[in-house]
Amino acid sequence: MPTPSMPFRSCRTWALATAALLLGACSTLDVPRADNYPVSSQKKARAVHHWDVLADDVATRVATRMAAAGRVNAAVQVVPVGGADSAFKLGFRELLMTRLLDRGVPVATGQGALRLEVGTQVVQHGAFTPANNPAPWTTLAGSVAVVRDMSMYHHSTFSGIFAGLGVGAALDAANYARRGPAAGGPTGTEVLVSTALHDGALYLARTADIYYIEGADTVLYEPPPPPPAPPAPTPMRNWKVVGQ
């Protein structure tokens with residue numbers, strides 16, 4: 001029969017074994033160590049409203065640069081570049097023109113004195129493996145503790161469960177701080193949105209913004225697929241009637 005102190009000894013043994021395993025995994029490499037960048041944050045675009053927020057910010061930067069260059073009254077033509085237009089390019093162009101007009105920047109319907117080009121690039125990281133469970137360690141610790149306590153005590157003893165959940169909650173809190181509050185955390189897909197304000201052959205301003213996007217939303221930022229090729233014509237046969 002287990003004694004009342006066994007749960008605490010088991011938890012202590014589990015912690016020591018885990019620490020030994022982690023220490024054993026550390027070894028000296030004969031190549032430069034891979035270090036992380038300092039902690040930073042990056043927005044995730046999940047709605048058209050987020051496109052509007054970006055358009056508003058770009059319009060502010062462009063208007064500020066035009067004022068600094070003394071081109072406040074110059075009409076701007078907003079032009080998507082980089083291949084066929086995607087759903088994002090079409091929508092972002094409309095939003096950007098509206099936000100420019102909100103700031104008193106004239107927008108040309110045709111060729112203007114200035115040209116504001118909008119481009120996008122989707123980047124897929126094949127090695128990225130995001131976690132789908134927002135609290136995997138709490139779930140795992142709770143499951144392991146429940147199985148262990150049920151097998152040893154059948155009921156009434158929950159010390160192992162609480163100890164496991166405490167460790168799991170701490171790991172999940174650290175994971176949340178690393179991944180950020182956005183739904184789903186970081187993804188393996190990003191989009192680079194760039195704009196360039198031209199005055200002839202000169203750049204007056206450039207912007208570049210990077211967002212996380214869900215993999216399923218990639219189609220919004222890429223050109224639509226080309227239409228299917230027409231079916232091949234049916235071969236024709238000619239028959240010659242020969243009289244007798």
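Residues numbered from 1 in each chain as written. Predicted model: local features only at pLDDT ≥ 70, side-chain atom pairs only at ≥ 80, totals over all residues. Heavy atoms only, no water.

Turning next to the packing of helix H2 (residues 48–68) against helix H3 (residues 87–102). Following both chains from N to C, one finds H2 and H3 inclined at 50°, their axes separated by 8 Å at the closest point. Accordingly, the angle class assigned to the pair H2 and H3 is oblique. Here the hand of the crossing between H2 and H3 comes out right-handed. Only Ala 87, Phe 88, Phe 92, Leu 95, Leu 96, Arg 99 and Leu 100 of H3 make contact with H2, whose side of the interface consists of Val 48, Trp 51, Asp 52, Leu 54, Ala 55, Asp 56, Val 58, Ala 59 and Val 62. Broken down by class, the residue content of the contact of H2 with H3 amounts to 13 nonpolar, no polar and 3 charged. (Axes fitted to C-alpha atoms, helices over the stretch in contact; angles between N-to-C directions. Helix = DSSP H or I, 4+ residues; strand = E, 2+ residues; numbered from the N terminus. Parallel < 35°, antiparallel > 145°, perpendicular 65-115°, else oblique. Left-handed = near helix turned anticlockwise from the far one by under 90°. Contact = heavy atoms within 4.5 Å. Nonpolar A, V, L, I, M, F, W, Y, C, P; charged D, E, K, R; others polar.)

Among the secondary structure elements, Gln 77 is positioned in strand S1 (residues 76–80). At 3.4 Å, the side chain of Gln 77 forms a polar contact with the backbone oxygen of Gly 110. The contact partners of Gln 77, leaving out residues within four places of it in the chain, are Ala 108, Gly 110, Gln 111, Gly 112, Leu 114, Arg 115 and Leu 116. (Polar contact = N/O pair within 3.5 Å; in protein donor to acceptor, adjacent residues only side chain to side chain.)

Here the focus is the nonpolar core. Counting 30 residues, the largest nonpolar core has Phe 92, Leu 96 and Leu 197 as its most contacted members. If you list the elements that add at least two residues to this core, you get H2, S1, H3, strand S2 (114–124), strand S3 (189–199) and strand S4 (202–212). Tallying contributions element by element places H2 first for this core, with 8 residues. The residues contacting Leu 96, other than those within four sequence positions of it, are Ala 55, Val 58, Ala 59, Val 78, Leu 116 and Val 118. (Core = buried A, V, L, I, M, F, W, Y, C linked by side-chain atoms within 4.5 Å. Buried < 20%, exposed > 50% of the residue type's maximum accessible area, 1.4 Å probe, protein only.)

Taken over all residues, the pLDDT of the chain has a mean of 77, while the share at 70 or more is 64%. Averaged over each element, pLDDT in the chain is lowest for helix H4 (residues 136–153) (43) and highest for H3 (96). Low pLDDT, under 50, characterises residues 136–157; the predicted model gives this stretch 32 contacts beyond four residues in sequence or across chains. (pLDDT = per-residue confidence, 0-100.)

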